[in-house]
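Each chain, written out:
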Amino acid sequence: MKRRTLLQAGAAGLTPAASLSLAATGPTSGREVLTLTQGWRFHDGDIPAPKILGHDWTYGSAKAGNAQGAAAPDYDDSDWPLVNLPHDFAASQPIEQGTNVSQGYRRRGMAWYRQSVKFDDADRGRHLELQIDGAATHATVWVNGTLVHHNYSGYNEMAIDLTPYATYGEAVNTIVVRVDAVAMEGWWYEGAGLYREVRIVKRAATHIVTDGVFAHPVKRGEGWVIPIEVTLATLADKAQPVTLECELLDARGTHAKASTRVQVPMLRQAVAKLQIKHDKPELWSPARPHLYRVVTRVLQGGQVLDELTTPCGFRTQHFDADRGFFLNGQPLKIQGVCIHQDHAGVGVAVPPALIDFRLRRLKELGCNAIRASHNAQDRAFMDACDRLGFLVMAENRLFNPSPQYVEQQLKWLVRRDRNHPSVFMWSVFNEEPMQGTAGGYEMVRRMREVVRDLDTSRPVTAAMNDGLFTPLNVSHALDVLGFNYQQDQYDAVHAARPKLPLMSSEDTSAFMLRGYYGPRDDKRHLIPSYDDDAAPWGATHRKAWKAIAERPFIAGGFVWTGFDYHGEPTPYEWPSNSSVFGIMDLCGFEKTAFHIHQAQWVHDRPVLALVPHWNWQGREGQPVKVMVCSNLDEVGLELNGRLLGRQPVDRWTMNHWQVPYEAGTLRALGWKAGRLVAKAQVETVGAPTALRLVPDRKSLSGDGVDVVPVRVEAIDAQGRAHPLANHMVQFHIEGGEIIGLGNGDSNSTEPEKGDRRSLFNGLAQVIVRSNAGGTGELKLTASTDGLQAASVSLALSPAAAPRQQATGTSLQVLLWWQRAPLQATAPDPQLQPPPQDMNSWQGFQAGNLLPAAASAGYVLCAINHTPYSRIRREGGWVEAPSVTGRCEVYSNGVLLGRKAEAATAPLRLRLPPGEGQRRLAFVFQVDAGEKVGLGSVVKVRV
C-alpha cells in the first residue's frame, strides 16, 4: 500500500459509527464473561518474520495494524490444526533423551495461536477485554495487526483492553499469540502454550476494573467490618457520576448493605471506599469453610451498568514467635504440602474438575494448608481452596523488585488473590542466592512494601535455605521467617531471633516409588515405599514432621511435595522423568507417605493403615518389613488369625514388624482407650482375571468441560485388586473424550495422550471429558490380552456449555481497497494504478459507500490478494454481505458473477482454485448522484 493510501485509509477496522461519542451511545448495562477456548489455530514451532524490503513496505510495517508475518491479520493459517484450550503442547511431545531433564525430557520451543473474533454492533461503546489466564512461558499478543502486550511470566494473567482496536458487525478481529516456551522460569515441568482459560469480558463504558474490588473482613472490637475499595473506570468522553452499592450475602440471604456516590473521570480511574458491618458472622476455617459474597453494583439513572460478585470469609489470624500460628484465636498447626500445578496425562492444562479432585485427595490426607510453589496458581484452584478449606501461602515467582516484574507479577498476584479467605501469607521468593546479603534485604524490603500497599492483613514471608545468621539478610525485612530444610537449625534460629515467628516453608524431600517394597535398586531406579530414603538436604516424612510437631514455636510446615510432578527427576535421571517426592504419585494414588501423614495429621477420626501388599510368592519364610500407620493408642498385628504382637502407637515414626512371609491375610488392629475401634488388612490375591474401572464420580456435566479421573485396576477371581499387575491396557470411549493417561511410574516413557497405557504396580488412570451438549451416558471400556474387559458408564447431566465468544474460521478479510477514477466506459477489471500515482486512484476501507457519482459511468474497485493455501487447492467463496449498486465481479479478469439490481444485497460467489495472486474487482455501473460500494468487509473463505 502506498504511503498516501495508508494515511487516507484511517484507523484499521473502524467504521463511522464507531467514532461516535461514547456518551451518545447511552449506557450499556450488564457484564458478559464469554470463554474463548474453542477452535484456536495452532502452529508448533516458530515462524520467522519476513525480511522487509522496499521503502513502501518498510513505511507501512512501522504503522499500527500492519504487523507482518504470522502476526498479520490476513496471514494464511488455513492449514493449521484446530486446538481447544486449555492446551499444553509440551504434554503431547514424546519423552526424549537429550532434551531438558528438568522439564521432564519434553520438547517445548516456540508456538503460535490465532483466533478470529466477531463483535456485534451492540458491543459498540462497551469496554472489551481479552483475559489470558496463563501462557507458558513468554507471550506476545497482537490484535488486528497491532502489538498490544508482552508478558514475561508463564504464571500471571494478562488483561488486555481490546476496545481501541476492535471492529464490529461483519468485521473480524484477529487475535494472535506467539508463545516462547524456550524460556524457562523454573527447574520443574512448566508446560507450554495457552494452558489456562482465555475469555472475553464485555462491560459497560463505566465499569469495575479487573480485580478492582477489595473486600476482606477485619475484626474491630467485638464486631466485624468489611472495608471495601472499588476501582472504577470509564471510556466515556466526559466524567460519569454513578452510584456504587455493595451487599453482603451468604446462603441465608442479605446481611448488610452500603452505598456511595462516585465521580469517574474520563479515561481515568476512581477509587471508592465504603464499609459493611456484621456483628456475628460465621467464621471461615479449614474445618468449616463458611463463605460470604460481596455483590458490588454500579448504577446510573437507576440502571445497573456493572455488577461483580467477590468471595470473602470472616476470620482472624496471627503468628506468635513462641506458640506458632493462631486462626480465629485458636492454635492451628500448619499441616501443609507444596505442590506444582501439573497432573498425569494433561501436563499443566488441568481442568477445574481435576483441580477439585486433587484438593479433595489432600483433604482426605489431613492437609490444611498448601504452598503454591513457586508461582501463582489457577483461579479455579484459589476458588476451590476457599470452598474446601485450605490455607494458602500465595507465592510470587521471580525475585525482582523492578517495576516491570512488580507490576506484572507481584502487584497482580496480590490484587487478584487478596479477597480469598484461604490466602494467609504472601511469599516473595524461594531459595534465592542473594538471601543472605544486604542487597537481598533491600530487594525484599521493597517487595514487602509493594504488598503492604495493597494488603496489610497478611504477613510477608519468603522461603530461605541459607544466610539465616548473616548480620543483615532478607529475614530482617520479613514478617514471618520461612525456611527450607533447616530442621537441624530450628532451635538455633529461634534462639538467635526469639521475636520472629518461624515456619518451615519446605521440608522432607523424601523418595518413594508408589507400590514398590523391594530393595533399593539404583540401576533400575527403584526406591521402596518405606520412607527410609531422602535427599541429602532433606529428611524422611516421619523425621521431618516429628521435628516440627515437637516444637510449638515452629508454626508448621509444608512437605515437599503433595504429589509427584513431571520434571526434576531426583535422585535419578534418564529414563526417570518425574519426581518421586510426592505423598501421592502423579495420578493422585496414595503412597505409604499418605498413610504416614494421615496418622500424624488426622485428629477427628481413627486412622489405621498397613503396608506393604501381601503377595510375596517365592519368599516364603523370609522376613518382610511391615509398617502400621495409626493415630490410635495401640496397634496389633495378626497373620492368618495369629496375634504377632501389640505395641503402643508411635504417631511420629510409626510401628514396625519383621514378619516371615506366609500366604494368607495380614491384619492390623487398632485400639482406642482399650477398645478395638479399627481393622485394616492386606491379602495374598490370586492371578489377575479381569480389569476394573473405578471413576472418581458416577456422573459428569455434559458441558464439554467437566472431567472425571477413572482408576484402572487388574483384579483376581474374587474381585481383589492385584498390586503387581503391569498389563498394557487399551481404552475405548463413547460420548466423551480421553484427554490424558497416567500410571504414576516415574521411569515410564509411554505417551500420556492416546488410548493405551500400562498398569504400574496394579494401577493406571484415564481422564475422560464430556462432549459439549452431551446427554445420556459416557461409556469407557478397557481391555487387555488374557483378562476380561471392563466398562463403566457415567451419567451425563444436561448442562449448557460455558457461554462462548462468537468466533470465525480461517478467512481472509479484504478491507483495504483501491478505487479508480469514474470512467465513461466499462474499464478492464485488471486495470492497475499507474506507477507512483498517489492522486488519481484513492484508497478506501470497505464498510463505507463511495461518494455520489458526479455523472453516469463506471467505477472500478479492486484489491490484490493471495488466497489461503487451502482455497488455492480446493477453491472457496467470496462473500460480500452488503453490496449497493449494479456491478460485475471479476477475479483475474474472469467473471465470477453480477448483481443486476441497485438495491443493497449480499453477494456470495464461487472462487475457483488456482495458484498465485488474484486481483478481485467490482465494476460498478452508476448514474449521476448515485452512491455505490461495499457496505461491509469482503471475506474470502473455504
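Refer to the structure presented above.
Notes on the structure follow. Keep in mind it's a predicted model, so treat the numbers as computed, not measured.

Describing the pattern of salt bridges
Phase 1 of the analysis: Per the counting criterion, the structure on display carries 68 salt bridges.
Phase 2 of the analysis: Measuring nitrogen to oxygen at the nearest pair gives 3.1 Å for the salt bridge that ties Arg642 to Glu662. With a gap of 20 residues between them, Arg642 in strand β35 (residues 642–648) and Glu662 in the loop between β36 (655–660) and β37 (665–672) connect regions that are remote in the sequence.
Phase 3 of the analysis: Relative accessible area serves as the criterion here: at 30%, Glu662 is assigned to the partly exposed category.
Phase 4 of the analysis: Where salt bridges share partners, they join Glu32, Asp123, Arg126, Lys202 and Arg803 into one cluster.

Some thoughts on the environment of Ala270
Phase 1 of the analysis: Considering the arrangement of structural elements, one finds Ala270 in strand β16 (residues 269–278).
Phase 2 of the analysis: With 38 residues separating them along the chain, Ala270 and Leu232 place their C-alpha atoms 5.2 Å apart.
Phase 3 of the analysis: If we skip the residues at most four places from it in the chain, Ala270 touches Val230, Thr231, Leu232, Val262, Gln263, Val264 and Pro265.

Focus on a nonpolar patch on the surface
Phase 1 of the analysis: Among the surface-exposed residues, Ile52, Leu53 and Trp57 lie close enough to one another that they form a single nonpolar patch of about 270 Å² accessible area.
Phase 2 of the analysis: Turning to its location among the elements, Leu53 is positioned in the loop between β2 (40–44) and α2 (55–61).

Points about helix α6 (residues 438–454)
Phase 1 of the analysis: Between its first and last C-alpha, α6 extends 25 Å over 17 residues, near the 24 Å set by a 1.5 Å rise per residue.
Phase 2 of the analysis: Within α6, the full set of buried residues consists of Gly440, Tyr441, Met443, Val444, Met447, Arg448, Val450, Val451 and Leu454.
Phase 3 of the analysis: Buried positions along α6 lie against β11 (206–215), α5 (403–417), β25 (423–430) and β26 (460–464).

Considerations on the packing of aromatic side chains
Phase 1 of the analysis: The final tally for this structure, using the stated rule, is 22 aromatic pairs.
Phase 2 of the analysis: Aromatic side chains Phe42 and Phe89 sit 5.6 Å apart centroid to centroid with 40° between the ring planes, which places their arrangement in the tilted category. On the criterion of sequence distance, the pair formed by Phe42 in strand β2 and Phe89 in the loop between β3 (82–83) and β4 (109–117) is long-range, its members being 47 residues apart.
Phase 3 of the analysis: Taking relative accessible area as the criterion, Phe42 reaches 8% and is therefore assigned buried.
Phase 4 of the analysis: Note on Phe89: relative accessible area 2%, which makes it buried.
Phase 5 of the analysis: Judged by centre distance (5.8 Å) and plane angle (80°), the rings of Trp560 and Tyr565 are edge-to-face. One exposure class covers both Trp560 and Tyr565, and it is buried.

Here's the deal with the pairing of strand β54 (residues 876–884)
Where a strand is regular, its side chains alternate between the two sheet faces.
Phase 1 of the analysis: Most of β54 is tucked away: seven of the nine residues are buried.
Phase 2 of the analysis: Taken together, the six bridges between β54 and strand β57 (residues 905–911) define a ladder with antiparallel strand orientation. Paired with Ala880 across the two strands is Leu907, which belongs to β57.
Phase 3 of the analysis: Summarising the sheet, β54 and strand β60 (residues 938–941) pair through three bridges and their orientation is antiparallel. Bridging from a neighbouring strand, Val878 pairs with Val940 of β60.
Phase 4 of the analysis: In the sheet, β54 pairs with strand β59 (residues 933–934) via two bridges, with the strands oriented antiparallel. Counted as the bridge partner of Thr884 is Gly933 from β59.

Some points on the side chain of Arg196
Phase 1 of the analysis: As for its placement among the helices and strands, Arg196 is situated in the loop between β9 (173–181) and β10 (198–203).
Phase 2 of the analysis: Note on Arg196: relative accessible area 2%, which makes it buried.
Phase 3 of the analysis: A polar contact is formed between the side chain of Arg196 and the backbone oxygen of Asp133, at a distance of 3.4 Å.
Phase 4 of the analysis: A distance of 3.2 Å separates a polar side-chain atom of Arg196 from the backbone oxygen of Tyr155.
Phase 5 of the analysis: In this structure, Arg196 is in contact with Leu85, Pro86, Asp133, Gly134, Tyr155, Gln341, Ala376, Gln377 and Asp378, ignoring residues within four places of it in sequence.

Thoughts on helix α9 (residues 592–601)
Phase 1 of the analysis: Counting buried residues along α9, 10 of its 10 residues qualify, which places the element largely inside the surrounding structure.
Phase 2 of the analysis: Buried residues of α9: Thr592, Ala593, Phe594, His595, Ile596, His597, Gln598, Ala599, Gln600 and Trp601, and no others.

Examining the sheet that holds strand β19 (residues 317–320)
Phase 1 of the analysis: Taken in spatial order, the three strands make up an open sheet running β19-β20-β21, and their pairing is antiparallel. Whereas interior strands pair on both sides, the edge strands pair on one side only; in this sheet they are β19 and β21 (330–331).
Phase 2 of the analysis: Of the strand pairs in this sheet, β19 and strand β20 (residues 324–327) are connected by four bridges, and their pairing is antiparallel. Bridging across to β20, Asp320 finds its partner in Gly324.

Details of unusual backbone geometry
Phase 1 of the analysis: With omega at 10°, the peptide bond leading from Thr570 into Pro571 counts as cis.
Phase 2 of the analysis: Position of Pro571 relative to the elements: it lies in the loop between β31 (554–560) and α9.
Phase 3 of the analysis: Put simply, Val611 and Pro612 share a cis peptide bond, and its omega is 10°.
Phase 4 of the analysis: Assignment of secondary structure puts Pro612 in the loop between β32 (608–611) and β33 (623–630).
Phase 5 of the analysis: The backbone of Asp211 shows a phi angle near 55°, a positive value even though the residue is not glycine.
Phase 6 of the analysis: Locating Asp211 in the fold gives a position in strand β11.
Phase 7 of the analysis: In this structure, Glu431 takes a positive phi of about 45° despite not being glycine.
Phase 8 of the analysis: Structurally, the position occupied by Glu431 is in the loop between β25 and α6.
Phase 9 of the analysis: Taking the relative accessible area as the measure of exposure, Glu431 reaches 28% and is therefore partly exposed.

About the criteria used
- Residues numbered from 1 in each chain as written.
- Predicted model: local features only at pLDDT ≥ 70, side-chain atom pairs only at ≥ 80, totals over all residues.
- Heavy atoms only, no water.
- Salt bridge = Lys/Arg side-chain N within 4 Å of Asp/Glu carboxyl O.
- Helix = DSSP H or I, 4+ residues; strand = E, 2+ residues; numbered from the N terminus.
- Buried < 20%, exposed > 50% of the residue type's maximum accessible area, 1.4 Å probe, protein only.
- Contact = heavy atoms within 4.5 Å.
- Patch = residues over 30% accessible without salt bridge, like charges linked within 9 Å, V, L, I, M, F, W, Y side chains within 5 Å.
- Areas by Shrake-Rupley, 256 points an atom, 1.4 Å probe, with all protein chains shown as cover.
- Expected span 1.5 Å × (residues − 1).
- Phe/Tyr/Trp six-rings, centres within 6.5 Å; stacked < 30°, edge-to-face > 60°.
- Pairing = 2+ DSSP bridges.
- Polar contact = N/O pair within 3.5 Å; in protein donor to acceptor, adjacent residues only side chain to side chain.

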